[in-house]
Amino acid sequence: RQYLQTISLERIKKDAPVALEYDPEWLTILSKTHHLTKNTRSKVSVPSDDPDTYVPTPSEIELTRKKWGDDFTIPCNFEITVPPLGKEICYGRYDARNAMVGNPQTDAFLERMGLK
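The structure displayed is predicted, hence computed values, not measured ones.

Novice: Explain the overall build of the chain residue by residue, including any values.
Specialist: Helix and strand content of the chain: four helices and zero strands. Along the chain, helices and strands appear, N-terminal first, in the series α-α-α-α. Here the chain holds 116 residues, and 15% of them are scored as buried. For the chain, restricting intrachain contacts to residue pairs at least 6 apart in sequence, the fraction spanning at least 24 positions comes to 70%. For the chain, the accessible surface area stands at approximately 10,200 Å², while carbon and sulfur atoms represent 55% of it.

Novice: Describe unusual backbone geometry, listing the residues and the values that go with them.
Specialist: Located in the positive-phi region is Asp70, a residue other than glycine, with phi close to 55°. Tracing the backbone shows Asp70 in the loop between helix H2 (58-68) and helix H3 (87-90). Given the relative accessible area of 52%, Asp70 is considered exposed.

Novice: Summarise the packing of aromatic side chains; cite the residues concerned and give the values.
Specialist: Where two aromatic rings form a pair, the distance of their centres and the angle of their planes describe that pair. Per the counting criterion, the structure on display carries six aromatic pairs. Considering the side-chain rings of Tyr22 and Trp68, the 5.6 Å spacing of their centres and the 70° angle between planes classify their relative orientation as edge-to-face. Of this pair, Tyr22 sits in the segment before helix H1 (24-33) while Trp68 sits in helix H2; the two residues are 46 residues apart in sequence, bridging distant segments of the chain. Each member of the pair, Tyr22 as well as Trp68, is classed as buried.

Novice: Provide a residue-level description of the environment of Lys116, including the pertinent values.
Specialist: Inspection of the secondary structure puts Lys116 in the segment after helix H4 (104-113). Lys116 gets classed as exposed once you look at its relative accessible area, which sits at 65%. Through-space distance from the C-alpha of Lys116 to that of His34 is 9.8 Å; in sequence the pair is 82 residues apart. Aside from chain neighbours lying at most four places away, what touches Lys116 is Asp107, Leu110 and Glu111.

Novice: Explain the layout of surface pockets residue by residue, including any values.
Specialist: Rolled over the atoms, a probe as big as a water molecule pinpoints where empty space is left. There is about 390 Å³ of room inside the largest pocket. Together, 13 residues line the largest pocket, and Lys38, Asn39, Thr106, Asp107 and Leu110 are the ones closest to its centre. In the lining of the largest pocket, the residues fall into four nonpolar, six polar and three charged. When its volume is computed, the second largest pocket comes out at roughly 310 Å³. For the second largest pocket, the full set of lining residues is Leu9, Glu10, Arg11, Ile12, Lys13, Ala16, Pro17, Val18, Ala19 and Leu20. Counted by class, the lining of the second largest pocket contains seven nonpolar, no polar and three charged residues.

Parameters at a glance
Residues numbered from 1 in each chain as written. Predicted model: local features only at pLDDT ≥ 70, side-chain atom pairs only at ≥ 80, totals over all residues. Heavy atoms only, no water. Helix = DSSP H or I, 4+ residues; strand = E, 2+ residues; numbered from the N terminus. Buried < 20%, exposed > 50% of the residue type's maximum accessible area, 1.4 Å probe, protein only. Contact = heavy atoms within 4.5 Å. Areas by Shrake-Rupley, 256 points an atom, 1.4 Å probe, with all protein chains shown as cover. Phe/Tyr/Trp six-rings, centres within 6.5 Å; stacked < 30°, edge-to-face > 60°. 1 Å grid on protein atoms, 1.4 Å probe; cavity = no way out; pocket = protein on both sides within 12 Å on 5 of 7 lines; lining within 4 Å. Points joined across faces, edges and corners; volume = space filled by probe spheres on them. Nonpolar A, V, L, I, M, F, W, Y, C, P; charged D, E, K, R; others polar.

Here it is in structure tokens:
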């Protein structure tokens with residue numbers, strides 16, 4: 001099923017440049033759960049720890065703010081790493097499901113997070 005959702009957002013500062021930003025709380029959660037990440041095609045076992053283990057505290061969020069220098073702007077660093085979906089995929093000449101390709105944007109993000 002194909003789905004596309006569009007939304008309209010009102011600008012808070014009319015003269016400020018338009019930019020997307022990461023959320024400090026989300027970044028803190030990513031830091032706290034990074035050890036659960038796998039880069040293989042296998043099941044991820046969710047630990048049975050207390051779920052509050054992964055809820056960030058205000059002091060942890062503040063540490064994230066300091067680490068990022070309160071600059072949460074998402075960089076415009078997109079790079080094509082695999083061929084776009086096209087006829088070659090539809091006719092079976094390229095199977096993207098089995099391709100494990102590095103991603104420079106993710107590498108840069110992890111480096112900034114200190115999670116490499």
